[in-house]
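Below are the chains, spelled out letter by letter.
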Amino acid sequence: MRIPLPPVPLPAEVADVVRQFSEGERTPADPRNAATVVLMRDGDVHGGRPGPEVYLLRRQVSMDFAGGMCVFPGGGVDPRDFDAEIHASGWAGPSPEEWATRLGVEPDLARALVCAAVRETFEESGVLLAGPSADSVVADTTGEDWEADRVALESRQLSLTDFLARRGLVLRTDLLGVWDGWLTPVFEPKRYRTWFFVALLPEGQVTRDVSTESDHVVWLGAADAADAADAGTLAMLPPTYLTCLEVGQHGSVADVVAAGDGRSVEMFMPEVERLGDGYTLSMPERLRPLVADRRA
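Residues numbered from 1 in each chain as written. Predicted model: local features only at pLDDT ≥ 70, side-chain atom pairs only at ≥ 80, totals over all residues. Heavy atoms only, no water.

## Details of the overall build of the protein chain
For step 1, the next point in the chain: Each helix and strand in the protein chain was counted, giving ten helices and twelve strands.
For step 2, the next point in the chain: For the protein chain, the C-alpha radius of gyration of 19 Å lies close to 19 Å, the compact-globule estimate for 296 residues.
For step 3, the next point in the chain: Across the 296 residues in the protein chain, those meeting the buried criterion constitute 53%.
For step 4, the next point in the chain: The long-range fraction of contacts in the protein chain, counting pairs at least 24 apart against all pairs at least 6 apart in sequence, stands at 72%.
For step 5, the next point in the chain: In the form shown here, the protein chain has an accessible surface area of approximately 13,000 Å², with 51% of it arising from carbon and sulfur atoms.
For step 6, the next point in the chain: Between the averaged position of the 27 positive side-chain charges in the protein chain and that of its 47 negative side-chain charges there is a distance of 3 Å. (Helix = DSSP H or I, 4+ residues; strand = E, 2+ residues; numbered from the N terminus. Rg over C-alpha atoms; globule rule 2.2 N^0.38 Å. Buried < 20%, exposed > 50% of the residue type's maximum accessible area, 1.4 Å probe, protein only. Contact = heavy atoms within 4.5 Å. Areas by Shrake-Rupley, 256 points an atom, 1.4 Å probe, with all protein chains shown as cover. Lys, Arg positive; Asp, Glu negative; His and termini not counted. Charge placed at Lys NZ, Arg CZ, Asp CG, Glu CD.)

What follows is the structure in structure tokens.
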């Protein structure tokens, strides 16, 4: 299935639906807060071409949101992600107040978003951004006991706070970088307000095909993923495609992480705009030149 990529031609009736929302004739769905993590490794180390590789999951076609699309690990914020005890019991890196400034939210939501990012990454890839101390990271999460905990987290039988406390682990929030923020367009029936993070695959850890929401996983060069989407062989929603396109401009994961260190989030919601005689969805201004170069 080929998904139109930016700039996305839209049928005229979509623009009319958007008008109905803007004029109050329809009520938009309330967006759910979510976090996603662009998990990366260096391609030249693993036999690929130089540049960051990203971990992608193809969502089950039966899923009611983004079915069949390739996405990064992530998901909605769980109420227990707001547990303040996690900061008191084991938290390495920027404080929730510092995260709040960079993410553009209140500290309690910032803490929950960081927790959701770490939790969802573990649930969907088996990679855990935590360690026995503030300057170490778990080296291996492939054992049966780890899998049992992952399943318990995924089923919400176990909270992230209790999981880390029981294992004596510190949440390594310093291993996350800020990248972007996307809000699902107003006319979609199911909407998410998603904060995008970036992270390097910890040394020694390996990804595992464990997510119940996906039917295929792959490590792929970020630039290669964008090329595959352009060719119609990889289905992505525009935010995933644009993130791959932007990440793929960097020569290494270290370059991406360094770029993320200086970022803060301004949540972007695509809106309908003119495209020739038709309509399209808008994109952040900084990304327009990248897309224009590929379409030239």
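## Re the nonpolar core
For step 1, the next point in the chain: Trp99, Leu103, Leu128, Phe163, Leu171, Leu176 and Phe197 are the most contacted members of the largest nonpolar core, which has 48 residues in total.
For step 2, the next point in the chain: Among the elements that take part in this core, helix H4 (residues 107–125) stands out by supplying ten residues, more than any other.
For step 3, the next point in the chain: Every residue in contact with Leu103, bar those within four places of it in the chain, is listed here: Ala110, Leu113, Val178, Trp195, Phe197 and Val265.
For step 4, the next point in the chain: The next biggest cluster of nonpolar side chains, apart from the first, holds 28 residues, and it includes Val38, Leu245, Phe268 and Met283. (Core = buried A, V, L, I, M, F, W, Y, C linked by side-chain atoms within 4.5 Å.)

## Focus: helix H8 (residues 238–247)
Because each turn of an α-helix spans 3.6 residues, side chains separated by three or four positions in sequence point in the same direction.
For step 1, the next point in the chain: Counting buried positions along H8 gives ten out of ten residues, so the element sits mostly inside the fold.
For step 2, the next point in the chain: When we look at burial in H8, the residues that qualify are Pro238, Pro239, Thr240, Tyr241, Leu242, Thr243, Cys244, Leu245, Glu246 and Val247.

## Some words on the sheet that holds strand S7 (residues 170–172)
For step 1, the next point in the chain: Strand order in the open sheet formed by three strands is S5-S7-S6, with mixed pairing between adjacent strands. The open sheet terminates on both sides in strands that have one partner only, identified here as strand S5 (91–92) and strand S6 (130–131). (Pairing = 2+ DSSP bridges.)

## A word on the side chain of Arg150
For step 1, the next point in the chain: Within the secondary structure, Arg150 is located in helix H5 (residues 144–154).
For step 2, the next point in the chain: When sequence neighbours within four positions are dropped, the list of residues in contact with Arg150 reads Phe122, Glu123, Gly126, Arg208 and Val210.

## Here we look at the pairing of strand S1 (residues 32–42)
For step 1, the next point in the chain: With nine of its eleven residues buried, S1 lies for the most part within the structure.
For step 2, the next point in the chain: Where S1 and strand S9 (residues 192–200) come together, nine bridges link them in parallel fashion. When the sheet's bridge partners are listed, Asn33 is paired in S9 with Arg193.
For step 3, the next point in the chain: Relative to strand S2 (residues 52–59), S1 is paired through three bridges, and the arrangement is antiparallel. Note on S2: the bridge partner recorded for Arg41 is Glu53.

## Examining the pairing of S9
For step 1, the next point in the chain: Counting buried residues along S9, seven of its nine residues qualify, which places the element largely inside the surrounding structure.
For step 2, the next point in the chain: In the sheet, strand S8 (residues 176–183) pairs with S9 via seven bridges, with the strands oriented antiparallel. In the sheet register, Leu183 faces S9, and the bridge partner there is Arg193.

## So, the packing of aromatic side chains
For step 1, the next point in the chain: Under the defined criterion, the tally for this structure stands at seven aromatic pairs.
For step 2, the next point in the chain: For the pair Trp99 and Phe197, a centre-to-centre distance of 6.0 Å together with 65 degrees between the ring planes defines the contact as edge-to-face. One end of the pair, Trp99, is in helix H3 (residues 96–103); the other, Phe197, is in strand S9, with 98 residues separating them in the sequence.
For step 3, the next point in the chain: Between Phe122 and Phe163, the aromatic rings sit 5.5 Å apart at their centres with planes inclined by 15 degrees, giving stacked as the arrangement. Of this pair, Phe122 sits in helix H4 while Phe163 sits in helix H6 (residues 160–167), placing them 41 residues apart in sequence.
For step 4, the next point in the chain: Among the residues examined, Phe122 registers a relative accessible area of 0% and is labelled buried. (Phe/Tyr/Trp six-rings, centres within 6.5 Å; stacked < 30°, edge-to-face > 60°.)

## So, the side chain of Ser125
For step 1, the next point in the chain: Take Ser125: it is sitting in helix H4.
For step 2, the next point in the chain: In this structure the side chain of Ser125 is engaged in a polar contact, spanning 2.6 Å, whose partner is the backbone oxygen of Thr121. (Polar contact = N/O pair within 3.5 Å; in protein donor to acceptor, adjacent residues only side chain to side chain.)

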